[in-house]
Amino acid sequence: MTKTATRSLAGRRSFLRSTAGAFAAGLTSSFWSDDTLDAAVQNVNRNSSPSQLKITDMRIAVVAGAPMTCPIIRIDTNQGISGYGEVRDGGNKIYALMLKSRILGENPCNIDKIFRKIKQFGFHARQAGGVCGIEMALWDLAGKAYGVPVYQMLGGKFRDSIRCYSDTTQSKDPKEFAQRLKKRRDQGFTYLKMDLGYHLISDTPGTVTQPLGITPQDVRMTQHMFTGIELTDKGVAMMADYVAQVREVVGMDIPLAADHFGHIGVNSCIKLGRALTPYNMAWLEDMIPWQHGELWKQITLAIDVPTLTGEDIYLKEDFVKLAQMRAVDMLQPDLASSGGILETKKIGDLIQDYGVPMAMHFAGTPVSAMANVHCAAATENFLCLEMHSVDVPWWDDLVTGVGKPIVQKGFVPVPDKPGLGVELNEEVVKQHLLPGEGYFLPTEEWNQFRSNDRLWS
Ligand SMILES: [Mg+2]
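Peer 1: How should I be thinking about unusual backbone geometry in this particular structure?
Peer 2: Glycine aside, residues mostly have negative phi angles, and peptide bonds mostly take the trans form. Cis peptide bonds are those with omega within 30 degrees of zero, and the linkage from alanine 66 to proline 67 qualifies with 5 degrees. On the secondary structure map, proline 67 appears in the loop between strand E1 (55-63) and strand E2 (70-77). Following lysine 404, the chain continues to proline 405 via a peptide bond in cis, the omega torsion being -5 degrees. With respect to the helices and strands, the residue proline 405 is situated in the loop between strand E14 (399-400) and strand E15 (411-413). With phi around 55 degrees, arginine 326 is a residue other than glycine that occupies positive phi space. Relative to the assigned elements, arginine 326 resides in the loop between helix H14 (316-324) and strand E11 (330-331). Here arginine 326 falls in the partly exposed class, since 15 other C-beta atoms lie within 10 Å of it. Positive phi values are uncommon outside glycine, yet lysine 409 reaches one of about 50 degrees. With respect to the element layout, lysine 409 can be found in the loop between E14 and E15. Lysine 409 gets classed as exposed once you count the C-beta atoms within 10 Å, which come to 11.

Peer 1: Help me understand helix H9 (residues 174-186), please; the structure alone is not making it clear to me.
Peer 2: Think of an α-helix as 3.6 residues a turn; residues three or four steps apart then line up on the same face. Between its terminal C-alpha atoms H9 stretches 18 Å, which fits the 18 Å expected from 13 residues at 1.5 Å a residue. Taken residue by residue, H9 has Pro174, Phe177, Ala178, Leu181 and Arg184 as its buried positions. Down the axis of H9, the sector holding all buried residues measures 105 degrees, keeping them to one side. Across from the buried face of H9, at angles greater than 90 degrees, the exposed residues are Lys175, Glu176 and Asp186. Buried residues along H9 sit against strand E5 (192-195) and helix H11 (233-250).

Peer 1: Where do I start with the pairing of E1 in this structure?
Peer 2: In the case of a regular strand, side chains alternate between the two sheet surfaces. Within E1, seven of the nine residues are buried, which leaves it mostly tucked inside the rest of the structure. With eight bridges joining them, E1 and E2 adopt antiparallel strand pairing. Residue pairing for E2: valine 63 is matched across the bridge by cysteine 70. Hairpin connection between E1 and E2: a loop of six residues separates the two successive antiparallel strands, and glycine 65 in this loop has a positive phi of roughly 80 degrees.

Peer 1: Is there a simple way to think about the nonpolar core in this case?
Peer 2: The tendency in soluble globular proteins is for nonpolar side chains to be buried side by side. In this structure, Ile73, Ile162, Cys164, Met239, Met281 and Leu331 are the most contacted members of the largest nonpolar core, which totals 127 residues. Among the elements that take part in this core, helix H7 (residues 129-146) stands out by supplying 10 residues, more than any other. Mapped onto the domain boundaries, this core takes at least three residues apiece from domain 2 (50-147 + 438-446) and domain 3 (161-425). Sequence-distant contacts of isoleucine 162, defined by excluding residues within four places in its chain, comprise Val373, Ala376, Ala377, Leu385, Phe411, Val412 and Val414.

Peer 1: Where do I start with H7 in this structure?
Peer 2: Given a rise of 1.5 Å per residue, 18 residues ought to cover 26 Å, and the 26 Å separating the end C-alpha atoms of H7 matches this to within 8%. Here H7 lies mainly inside the structure; 17 of its 18 residues are buried. One or two positions beyond H7, positive phi appears at glycine 147, with a value near 75 degrees.

Peer 1: I tried to follow the packing of helix H6 (residues 111-118) against H7 on my own but got confused; where do I start?
Peer 2: Two measures define how a pair of helices packs: the angle their axes make with one another and the distance between the axes. Between H6 and H7, whose axes approach to 10 Å, the crossing angle comes to 165 degrees. The orientation of H6 relative to H7 falls into the category roughly antiparallel. The crossing of H6 and H7 is right-handed. Facing Ile111, Ile114, Phe115 and Ile118 of H6, the residues of H7 in contact are Val131, Ile134, Glu135, Leu138, Trp139 and Ala142.

Peer 1: How should I be thinking about the sheet that holds strand E3 (residues 82-86) in this particular structure?
Peer 2: Within a beta sheet, neighbouring strands are joined by backbone hydrogen bonds and run either parallel or antiparallel to one another. Across the sheet, which stays open at both edges, the three strands sit in the order E1-E2-E3 with antiparallel pairing between neighbours. Two strands close off the open sheet at either side, each with one partner strand: E1 and E3. For this sheet, the mean angle separating the axes of adjacent strands, direction not counted, is 20 degrees. Against the sheet, H7 touches E2 and E3, its axis set at about 150 degrees to E3.

Peer 1: It is not clear to me how the pairing of E2 should be interpreted in this structure. Could you clarify?
Peer 2: Taken across its eight residues, E2 has six buried, putting it largely inside the fold. Note that E2 and E3 share five bridges and pair antiparallel. Within the sheet, the bridge partner assigned to aspartate 76 lies in E3 and is serine 82. Counting the residues in the hairpin turn of E2 and E3 gives four residues, including glycine 80, whose phi is positive at 80 degrees.

Peer 1: I keep staring at the environment of alanine 61 and nothing clicks. Help me out?
Peer 2: Checked against the element boundaries, alanine 61 lands in strand E1. C-alpha of alanine 61 to C-alpha of glutamate 437: the two residues are 376 residues apart in sequence and 7.0 Å apart in space. Sequence-distant contacts of alanine 61, that is, excluding residues within four places in its chain, are made with Ile72, Val429, Leu433, Glu437, Tyr439 and Phe440.

The rules behind each value
Residues numbered from 1 in each chain as written. Predicted model: local features only at pLDDT ≥ 70, side-chain atom pairs only at ≥ 80, totals over all residues. Helix = DSSP H or I, 4+ residues; strand = E, 2+ residues; numbered from the N terminus. Buried ≥ 20, exposed ≤ 12 C-beta atoms within 10 Å, placed from the backbone. Expected span 1.5 Å × (residues − 1). Arc of directions from axis to C-beta. Contact = placed C-beta atoms within 7 Å. Pairing = 2+ DSSP bridges. Core = buried A, V, L, I, M, F, W, Y, C linked by C-beta atoms within 7 Å. Domains from an automatic or database assignment. Axes fitted to C-alpha atoms, helices over the stretch in contact; angles between N-to-C directions. Parallel < 35°, antiparallel > 145°, perpendicular 65-115°, else oblique. Left-handed = near helix turned anticlockwise from the far one by under 90°.

Structure follows, in structure tokens:
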């Protein structure tokens, strides 16, 4: 009903008043003869008329220092409601903008239909950022249109608050680093992670064997197995001792994961993994790239510490493959790379059948954080969600509508408001825009983009 579609909140209020008046006057069936009947049988709390909702615009505001650079997406509609999403941290806003012409005019409540239309334009890691960010914004819109939180549309929740894990800034001094990590425990975090790169010990002679003259730039751009870098027994012992000193301070009772080992070979990964057994690590993350499932399996079988990968994988199929072949013990999608909210719930459900838990990688603003929170609430095998912004004082202030602090003693309460449950704080977002970027400036140049996108003939 078009009249219904355009009826304003004020109109609904006057309808409610007139309803009360009509009953007071003793009117019965004749009262229901006009279009107020339509309103009466529908949920009066709804924010819009979902079946007539159309996407009219998409704009971006790129936030910097959160601590990462994060393009926030706003999708506008013909009914005055907007949805928010976010390109993965470090990804370019163009990954989203190039999809604008494909979503204009669509009903944003048809989330899966739109996702299937645009998913061919995503790829692993940041290249998935546009597809995933738009998917988040569609859920936000659908939730606002129907007046329900995102977790409810995913099937309801398994938990009311989301356990977060946190790491902290590095130091070559294990004692100093241990104190920093202990502070996270004191802040209420119940799950910790640390970086454990070989550079922590490589200043000491005799710890690392590597091709002479290899530069850090060479290493950065070369996958682990191809660098020729191996740890010596002395290097492995020093790295294990570093962890021992951290464990002494943070305790043995709290899970402690490790990441960013540096680009070392598979045999060094195994030697190090074995040396870390006494410290009961929660997981060893991305020791080698996720693409090498057979090598991962070799590491996983050789050590007694859980292994984990997944933050750069796009779409469920590769997660399932790694779970099926038992390449790693745990998987960790980044929702802004893995395919968005629904795809990530599917990933959790599918790997659960193989006994694999799902941690969630995350390094964005509160917009993307809330997308993660709803997905985590609705996915049974969820373990813990990364929280990267503990030391960014204005991070919470980027949004309104949600309880503060957003992370309360290491947990995020799951919001019950429609959609993702947050609105942007325009003033604070404007204060932290990437230099040269504007606040949701027009993007009309992306309205038209002609191409035959069919993947088959
Ligand atoms: Mg990582």
